[in-house]
Amino acid sequence: MKIVRYQAADGIHYGVECEGSIERIGGDPFETIEWTGEVDCLSEVRLLCPVDRPRIFGVAYNYRQHTDESGKEQPTLPVLFMKPSTAASGNGDMIEYPSDGEIVHYEAELVAIIGKGGRHISKENALQHVLGYTCGNDISDRVIQRQESKFGCLLAGKGYDTFAPLGPAIVTDLDPANLDVILRQNGTVKQSGNTRDLVYPVADIVAYLSRFMTLLPGDVIMTGTPAGVGPIVPGDDLEVEIPGIGVLKNPVVSAAH
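Presented here is a report on the structure given in the accompanying data block. The model shown is predicted, which means the values in this text are computed figures rather than measured ones. (Residues numbered from 1 in each chain as written. Predicted model: local features only at pLDDT ≥ 70, side-chain atom pairs only at ≥ 80, totals over all residues. Heavy atoms only, no water.)

Another aspect to go through is the overall build of the protein chain. The helix and strand tally for the protein chain stands at 3 helices and 20 strands. The globule rule puts the C-alpha radius of gyration for 257 residues at 18 Å, and the 17 Å found for the protein chain is close to it. Each principal axis of the C-alpha atoms in the protein chain carries an extent, and together these give about 55 × 45 × 30 Å. Taken over 257 residues, the protein chain has a buried fraction of 53%. Here the contacts in the protein chain between residues at least 6 apart in sequence split such that 71% fall between residues at least 24 apart. Entry remark: accessible area of the protein chain is about 11,500 Å², with carbon and sulfur atoms responsible for 50%. Side-chain charges in the protein chain split into 21 positive and 35 negative, and the spacing between the mean points of these groups amounts to 6 Å. (Helix = DSSP H or I, 4+ residues; strand = E, 2+ residues; numbered from the N terminus. Rg over C-alpha atoms; globule rule 2.2 N^0.38 Å. Buried < 20%, exposed > 50% of the residue type's maximum accessible area, 1.4 Å probe, protein only. Contact = heavy atoms within 4.5 Å. Areas by Shrake-Rupley, 256 points an atom, 1.4 Å probe, with all protein chains shown as cover. Lys, Arg positive; Asp, Glu negative; His and termini not counted. Charge placed at Lys NZ, Arg CZ, Asp CG, Glu CD.)

Here it is, written out as structure tokens:
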């Protein structure tokens, strides 16, 4: 299924996209999907971030080539950070380039959406807790990030509003072990990786996170970015594509302040 969250004339809904139409569902898709019988035309609605104000977990240095290009040691355990829920945005939404930004980078990522929460989840059962997958772009202010990293922190540089675009849909029944992850900047491919190269695959990340905290339905896990990260500037158009999921498109604009 291709699950979308969208703004229609009569409010915000979840639905399942199929050939240009959306079959509306009641409530959210994290429990039992209930069909309402209503159908919306895809061209008449606006797609939104697939999850409203989610908890966002990130995994740093989860592709060896990206770790090498960052000049870091290879990790011996998942390197975790969080982005605030206010960083989340959707397909077509603007990425705001900070007024004092100097070096801001794109990072294309496969994103896992938790459907069934839990604690102490085994690696063998971990994927049963994942509702589906979407595209993500972990926008990062490198100047602030490097200053924070000296003291073991990783928050503000990745936490600006609009710095976690997600979408366009949550796709279920995908194998996360062999998915291409592509980023285009103004139509030019800048990143081209595959999730088979993840140091810690999705199941490992879900199990590891659940050792420390209860995962909740709607939690978002950004699984890491392949090599090829680079700077963005206002005026750029960014596209993250994962075949089987779709294309996440976001323009870069100058922040108002």
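From this point, things continue past the structure.
Once that is clear, we can look at the sheet that holds strand β19 (residues 237–242). Strand order across the open sheet formed by 5 strands is β9-β20-β19-β15-β16, with mixed pairing between neighbours. With partners counted over all chains shown, the strands left at the sheet margins are β9 (95–97) and β16 (188–194), one partner each. Across the sheet, the axes of successive neighbouring strands diverge by a mean angle of 20 degrees, strand direction being ignored. The sheet contact formed by β9 and strand β20 (residues 246–254) spans 3 bridges and is parallel. Looking at the pairing, Glu 96 lines up with Val 253 of β20. (Pairing = 2+ DSSP bridges. Axes fitted to C-alpha atoms, helices over the stretch in contact; angles between N-to-C directions.)

Moving on, we get to the state of the cysteines. What the rule picks out here adds up to 0 disulfides. Free cysteine: Cys 18, not disulfide-bonded; nearest cysteine sulfur from Cys 41 at 13 Å. Among the residues examined, Cys 41 registers a relative accessible area of 32% and is labelled partly exposed. (Disulfide = S-S within 2.5 Å.)

Within a sheet, adjacent strands bond to each other through the backbone by hydrogen bonds, running parallel or antiparallel. Taken in spatial order, the 3 strands line up as β13-β10-β18 in an open sheet, and their pairing is antiparallel. Across the chains shown, the open sheet's two edge strands, defined by having one partner strand only, are β13 (140–141) and β18 (230–231).

Another point: helix α2 (residues 142–149). Taken as a whole, α2 has its buried residues at Arg 142, Gln 145 and Glu 148. Down the axis of α2, the sector holding all buried residues measures 125 degrees, keeping them to one side. Against α1 (64–70), β10 (104–106) and β13 lie the buried residues of α2. For α2, the N-terminal capping position is held by Asp 141, with its side-chain oxygen 3.1 Å away from the main-chain nitrogen of Val 143. (Arc of directions from axis to C-beta. Polar contact = N/O pair within 3.5 Å; in protein donor to acceptor, adjacent residues only side chain to side chain.)

Our focus in this paragraph is the side chain of His 13. With respect to the helices, strands and loops of the structure, His 13 is situated in strand β2 (residues 11–18). For His 13, a relative accessible area of 17% corresponds to the buried category. A distance of 3.3 Å separates a polar atom in the side chain of His 13 from a polar atom in the side chain of Arg 24. Contact partners of His 13, with chain neighbours within four places excluded, come to Val 4, Arg 5, Tyr 6, Ala 8 and Arg 24.

Summed over all chains, the structure comprises 13 salt bridges. One salt bridge in this structure joins Glu 38 and Arg 24, with 3.3 Å as the shortest N-O distance. Residue Glu 38 is found in strand β4 (residues 34–41), and its partner Arg 24 is found in strand β3 (residues 21–26); the two are separated by 14 residues along the sequence. For Arg 24, a relative accessible area of 5% corresponds to the buried category. (Salt bridge = Lys/Arg side-chain N within 4 Å of Asp/Glu carboxyl O.)

So, on to unusual backbone geometry. Here the amide bond leading from Gly 167 into Pro 168 is cis, since omega sits at 5 degrees, within 30 degrees of zero. Looking at the secondary structure, you find Pro 168 in strand β14 (residues 164–171). Even without being a glycine, Tyr 61 presents a positive backbone phi close to 55 degrees. Relative to the helices and strands, Tyr 61 is located in the loop between β6 (56–60) and α1. Since its relative accessible area comes to 19%, Tyr 61 is described here as buried.

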